[in-house]
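# Examining the three-dimensional arrangement
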Amino acid sequence: MIELTSQKDAALAAISGADTLDALEEQRVGALGKKGWVSLALKTLGQMSPEERSEAAPAIQAIRAEVADAIAAKRQALEAAELEAQLASETLDLTLPAPDMLSGSVHPVSQVMDELAEIFADLGFAVATGPEIEDDWHNFTALNMDESHPARAMHDTFYFPDKAADGGQSASSSEAVGQKRMLLRTHTSPVQIRSMKEQGAPIRLIAPGRVYRSDSDATHTPMFHQVEGLVIDKDIHLGHLKWTLETFFKAFFEREDITLRLRPSYFPFTEPSVEVDVGYSNEGDRRVVGGHGDEQGYDWMELGGSGMVNRRVLEFAGIDPDEYQGFAFGLGIDRIAMLKYGMNDLRAFFDGDPRWLAHYGFSPFDQPTLSAGVGARA
Ligand code: PHE
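What you see is a predicted model; the values in this text were computed from it and never measured.

## Quick look at the packing of aromatic side chains
- According to the stated counting rule, one finds 15 aromatic pairs in the structure shown.
- Ring centres of Y298 and W300 lie 5.9 Å apart, and the angle between their planes is 75°; this geometry places the pair in the edge-to-face category.
- Ring centres 6.0 Å apart and planes at 55° place the aromatic pair F349 and F350 in the tilted group.
- For F349, a relative accessible area of 3% corresponds to the buried category.
- With relative accessibility at 30%, the residue F350 sits in the partly exposed group.
- Through pairs of rings, three or more aromatic residues link up here, namely F120, F125, F248, F249, F252, F253, F327 and F329.
- Sitting over the ring of Y159, R181 keeps its end group 4.1 Å from the ring centre.

In structure tokens:
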């Protein structure tokens, strides 16, 4: 016992003298570890007579507790000191300039889609969407382009491998057969069909979104954007179409001197069909929408297609063409974005170069976009 007491005194002195956590740990192992002197002392209890043991056990336990407490107290003190030292050495200089940070911006296409939705919302149009992986029936057949229609060839379609193992032979209607063949939609017009089938007439909507064609050069990319417009009611005529497009372009390009030219054309899904041209003039090497016909260099540029919805399309979509009629249009979003914001290479739209985006992108905070909330305008 006397020996233990002096070991304890020595240990307590060493513990209080430990100046690092490592030195303290050494003391802990030496005393309380498996082969530490306290543990060894506890083991001797087994060989003692009951009388001896009843006297020795509490004494050894008391020593053990005293050493353990001393170690715990010293550990706390050492940890606190370490933290103090760290706080003192790692000061933060708040006057240093912060490192540059890339901030995100709204892509011009997203910006223009928001602008479109806002302008057409003012005209009472809802926004509709449809799948980009579309079936043959919605993309072509229901738009009056059956399997053998030559207009299909103009679409450079990305088809998926046939998915029906039975080649569609067990399907009963032409709609079911066509629906089995999947493709990337080549235009936003299938949203016309889906919306008419879902909600019937009357209808007034736009459908902005991505479309795909196997085509690539300075003015064509395999993925691009269109906005579809569709109005169906009992007495809609071409005059409504022209007014709607003219009103839209005036609001979008923010000028009054905008002239449209509707040029006779052909689309299987509209009859009659017209191409939509807008008058532009040149400012330096930049084309600017608007101006006057007598200006030098004033010319027409095609922005999209449109027309009165073909009766057959209404029939395919389950609407009675003797009761309802209407117009549809499809505009290239990328092209009107380039015109409004003065960009000249379509491919840059899809390169994702942060320098281009920093230059042409929009701040999400100071632009009134739908995503930032229309109310943000006020
Ligand atoms: N879908 C046609 C295209 O992509 C455009 C269009 C839409 C034409 C609606 C007429 C009516 O070329």
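## Details of the side chain of E275
- Considering the arrangement of structural elements, one finds E275 in strand 7 (residues 270-283).
- Buried charge without a salt bridge: E275, with R263 as the nearest opposite-charge side chain at an N-O distance of 4.1 Å.
- Side chain to side chain, E275 and S265 meet in a polar contact 2.6 Å long.
- With residues near it in sequence (within four places) discarded, E275 still touches R261, L262, R263, S265, F267, E302 and G304.

## Here's the deal with the packing of helix 3 (residues 37-44) against helix 4 (residues 50-89)
- Viewed as axis vectors pointing N to C, helix 3 and helix 4 meet at an angle of 165°, and their least axial separation amounts to 10 Å. Here helix 4 runs roughly antiparallel to helix 3, going by the angle between their axes. Relative to helix 4, the crossing made by helix 3 is left-handed. Between helix 3, through W37, V38, A41 and L42, and helix 4, the contact on the second element is made entirely by I60, Q61, I63, R64 and V67.
- Here the contact of helix 3 with helix 4 is composed, by residue class, of seven nonpolar, one polar and one charged.

How each quantity is defined
- Residues numbered from 1 in each chain as written.
- Predicted model: local features only at pLDDT ≥ 70, side-chain atom pairs only at ≥ 80, totals over all residues.
- Heavy atoms only, no water.
- Phe/Tyr/Trp six-rings, centres within 6.5 Å; stacked < 30°, edge-to-face > 60°.
- Buried < 20%, exposed > 50% of the residue type's maximum accessible area, 1.4 Å probe, protein only.
- Lys NZ or Arg CZ within 6 Å of the ring centre and 35° of its normal.
- Helix = DSSP H or I, 4+ residues; strand = E, 2+ residues; numbered from the N terminus.
- Lys, Arg positive; Asp, Glu negative; His and termini not counted.
- Salt bridge = Lys/Arg side-chain N within 4 Å of Asp/Glu carboxyl O.
- Polar contact = N/O pair within 3.5 Å; in protein donor to acceptor, adjacent residues only side chain to side chain.
- Contact = heavy atoms within 4.5 Å.
- Axes fitted to C-alpha atoms, helices over the stretch in contact; angles between N-to-C directions.
- Parallel < 35°, antiparallel > 145°, perpendicular 65-115°, else oblique.
- Left-handed = near helix turned anticlockwise from the far one by under 90°.
- Nonpolar A, V, L, I, M, F, W, Y, C, P; charged D, E, K, R; others polar.

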